[in-house]
Amino acid sequence: MAPGEKIKAKIKKNLPVRGPQAPTIKELMRWYCLNTNTHVHFQKLDFPAVTICNINPYKYSVVRDLLADLEQETRVALKTLYGFPENTSRKRREAESWNSAWEGTRPKFLKLVPLMAFSQDETGEVRDFLTGRKRKFSGRIIHKASDAMDVHASKEVVGFQLCSNDTSHCALYTFSSGVNAIQEWYQLHYMNIMAQVPLEKKINMSYSAEELLVTCLFDGVSCDARNFTLLHHPMYGNCYTFNNRKNETILSTSMGGSEYGLQVILYINEEEYNPFLVSSSGAKVIVHRQDEYPFIEDVGTEIEPAMATSIGMHLTESFKLSEPYSQCTEDGSDVPISNIYNAAYSLQICLHSCFQTKMVEKCGCAQYNQPLPPAANYCNYQQHPNWMYCYYELHQAFVREELGCQAVCREACSFKEWTLTTSLAQWPSVVSEKWLLPILTWDQGQQIKKKLNKTDLAKLLIFYKDLNQRSIMESPANSIEMLLSNFGGQLGLWMSCSVVCVIEIFEVFFIDFFSIIARRQWQKAKEWWARRHAPPGPQGQDNPGLDIDDDLPTFTSALRLPPAPGTQVPGTPPPRYNTLRLERAFSSQLTDTQVPPES
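Computed from a predicted model, the values in this text were never measured in an experiment.

What counts and how
Residues numbered from 1 in each chain as written. Predicted model: local features only at pLDDT ≥ 70, side-chain atom pairs only at ≥ 80, totals over all residues. Heavy atoms only, no water. Salt bridge = Lys/Arg side-chain N within 4 Å of Asp/Glu carboxyl O. Helix = DSSP H or I, 4+ residues; strand = E, 2+ residues; numbered from the N terminus. Buried < 20%, exposed > 50% of the residue type's maximum accessible area, 1.4 Å probe, protein only. Pairing = 2+ DSSP bridges. Patch = residues over 30% accessible without salt bridge, like charges linked within 9 Å, V, L, I, M, F, W, Y side chains within 5 Å. Areas by Shrake-Rupley, 256 points an atom, 1.4 Å probe, with all protein chains shown as cover. Axes fitted to C-alpha atoms, helices over the stretch in contact; angles between N-to-C directions. Contact = heavy atoms within 4.5 Å. Phe/Tyr/Trp six-rings, centres within 6.5 Å; stacked < 30°, edge-to-face > 60°.

Visitor: Would you take a moment to explain the pattern of salt bridges for this structure?
Guide: A side chain of one charge can pair with a side chain of the opposite charge when the charged atoms of the two come close. Applying the stated criterion across every chain yields a total of 12 salt bridges. Where E211 meets K59, a salt bridge forms, and the shortest distance between an N and an O atom there is 2.9 Å. With E211 in helix 9 (residues 209-212) and K59 in the loop between strand 2 (49-54) and helix 3 (60-63), this residue pair connects regions lying 152 residues apart in the sequence. Comparing E211 with K59 shows no difference in burial state: the two are buried. Among the salt bridges present, the one from R400 reaches E402, with a minimum N-O distance of 2.9 Å. Here R400 falls in the partly exposed class, since its relative accessible area comes to 48%. One salt-bridge network, in which partners are shared between bridges, spans E323, D334 and R410.

Visitor: I'm lost on the pairing of strand 15 (residues 283-288) in this one. Help?
Guide: Walk down a regular strand and you will see the side chains alternate between the two sheet faces. With respect to burial, strand 15 is a largely interior element, six of its six residues being buried. Residues of strand 15 alternate between two faces, with A283, V285 and V287 on one and K284, I286 and H288 on the opposite face, all of them buried. Note that strand 2 and strand 15 share six bridges and pair antiparallel. Looking at strand 15, one finds that V50 is bridged to V287.

Visitor: So what exactly am I meant to see when it comes to a nonpolar patch on the surface here?
Guide: Residues I505, F506, V508, F509, F510, I511, F513, F514 and I517 make up a contiguous nonpolar surface patch of roughly 910 Å² in combined accessible area. Mapping I511 onto the fold places it in helix 16 (residues 499-533). According to the relative accessible area criterion, I511 is partly exposed, its value standing at 49%.

Visitor: How do you make sense of the pairing of strand 8 (residues 170-175) when you look at a structure like this?
Guide: Of all six residues in strand 8, six are buried, a share of seventy percent or more. Both strand 6 (residues 140-143) and strand 8 contribute to a ladder of four bridges, which runs parallel. Note on strand 8: the bridge partner recorded for I141 is L172. Where strand 7 (residues 156-163) meets strand 8, six bridges bridge the pair, whose relative direction is antiparallel. Paired with V158 across the strands is F175, a residue of strand 8. Here strand 7 folds back onto strand 8, and the loop between the two strands holds six residues, one of which, T167, carries a positive phi near 55°.

Visitor: What is the right way to read the sheet that holds strand 3 (residues 115-119) from this model?
Guide: Note: strands within a sheet are paired through backbone hydrogen bonds, in either parallel or antiparallel orientation. The sheet built from six strands is open, its strands ordered 5-4-3-7-8-6 with mixed pairing. Sheet topology places strand 5 (134-136) and strand 6 at the edges, where each strand pairs with a single neighbour. The mean inter-strand angle of the sheet, taken between neighbouring strand axes irrespective of direction, is 40°. Two elements, strand 4 (residues 125-128) and strand 5, share three bridges in a ladder whose sense is antiparallel. Note on strand 5: the bridge partner recorded for R127 is K134. Across the sheet, helix 12 (residues 387-399) touches strand 6, strand 7 and strand 8, and the angle it forms with strand 8 is around 70°.

Visitor: Just to check I follow, could you spell out the packing of aromatic side chains for this structure?
Guide: Where two aromatic rings form a pair, the distance of their centres and the angle of their planes describe that pair. Applying the stated criterion across every chain, the model contains 20 aromatic pairs. Ring-pair connections join several aromatic residues into one group, and the members of that group are F160, Y173, F175, F355, W387, Y391, Y392 and F398.

Visitor: How should unusual backbone geometry be read in this particular structure?
Guide: Trans is the prevailing form of peptide bonds, just as negative phi is the prevailing case for residues other than glycine. Here the residue pair E323 and P324 is connected by a cis peptide bond, since its omega of 10° sits within 30 degrees of zero. Counting through the fold element by element, P324 comes out in the loop between strand 17 (307-319) and helix 11 (347-363). For the peptide bond that leads from W427 to P428, omega is -15°, which places it in the cis range. Turning to its location among the elements, P428 is positioned in the loop between strand 18 (414-426) and helix 14 (433-443). At D219, a position not held by glycine, the phi torsion is positive, near 55°. Secondary-structure assignment places D219 in the loop between strand 9 (213-218) and strand 10 (221-222). Given a relative accessible area of 29%, D219 falls into the partly exposed group.

Here is the structure:
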């Protein structure tokens, strides 16, 4: 290329060329897209907040010392109930257990909340796990529903006893399966122990974001622990929320499909699971609004290890009419329940806040698995020895709707819901785990000090299936305008009556009617006033000149009035017909105007 051509090409490259003078079609189209008056708009949907928790709240190796005594008594109770050795009969196991189980140390948890077993055929007698002896029981027996079937052929039922402070009121909470009874009993003591541990220490005992999150992608862009916000849950430990408003602006997506959503690989670390607290492994995830509290224990979706869980979302936004059409509330300010959550109002928040408030009022402490109300403490044995019995009694009253929470709490007028569709696939595959697991182990070498296997990991994909948003808006069936329109239409159809007729009826039967009544009342008032203040007439008679008619005189009524006494009414004289004759107008006639005489 000649030197002149090179200089020309360089100038053309650096010179901002606009409009039709663009050298190429690409530049022309680029200029058109940036400067056209046509509005090209792509719909975007705000991505929801996603909270992820490991099912196991705290690392077992860290909390084992705190739970050592509780676990020892739990194992002894399991051995007493079912017996771990398989080669001995049940009667022999029970006899050996009661004699050798408590050698050296005396139990404290079984003494506080005794585990009981009784046969459904024998009423009034229970067997105490602590002593191994049967004794009389006359308190209430409450059967709680179980999610596991009893595998034993016997009809023996297992439960635990709770009593009030003075032990005058006791209740036996029973389960059809010893698994449920042991887990419920263990969880009560677990909450009592963890309620006394400082929050900062509990955060350190749980999983960090770098440990839980192995990889992260959103909308094809890499993300990490800095895009997640810590939320400590009493029963799930450290949870982490993606796309929280506290971090930055709300993220949105302009496409549907798994490639444009959130993709994370989670480290489950099943070796650190508490064997008595949780019986399953994996993680829990919940989709919610940015200003909404995530109730993991109520509506969370479980994520299985060694599986890829795909969750497709559909957004539905609902708007309800408030009073007088429904009892919903706009922001909860008109609901007489204090919101103890740092989140927007919802029916679930109101119910939980109501129960926690009642718990503090009745029991003197708050339930451990929910946030604390103002100036309250979590329940524990040392300060509140009666809290378990009080909690269960209060919970039964709540279920029976005797606390009044269901009557006071109202649904929010506007809310968002994400309908989730879940699908599972084996991950990683047999052929891919050979290279995938070593790479993930190498990537997480600073956080994880062991070789990863497929049961330690779980993959999660959350995305919009499409960008179709469904909005449900309530509108009144009959508004004031519609009511008037329908009323006028019915009058015109059945009575040939229009708006003018309605106005006439209103004027005659209301305005004129009240006008006549008001005028008569005014005349009577004037008459009464005149009689009261008029001077007396001659010979003690009233002055007839002051008589006032009830109505104002009209022309016709004036003609009928009688003449006043002593006065002459002027009349109209009859006509004089002689005036019709022609008479001489002047006594002397001018000469030029004289009429000649007739011959």
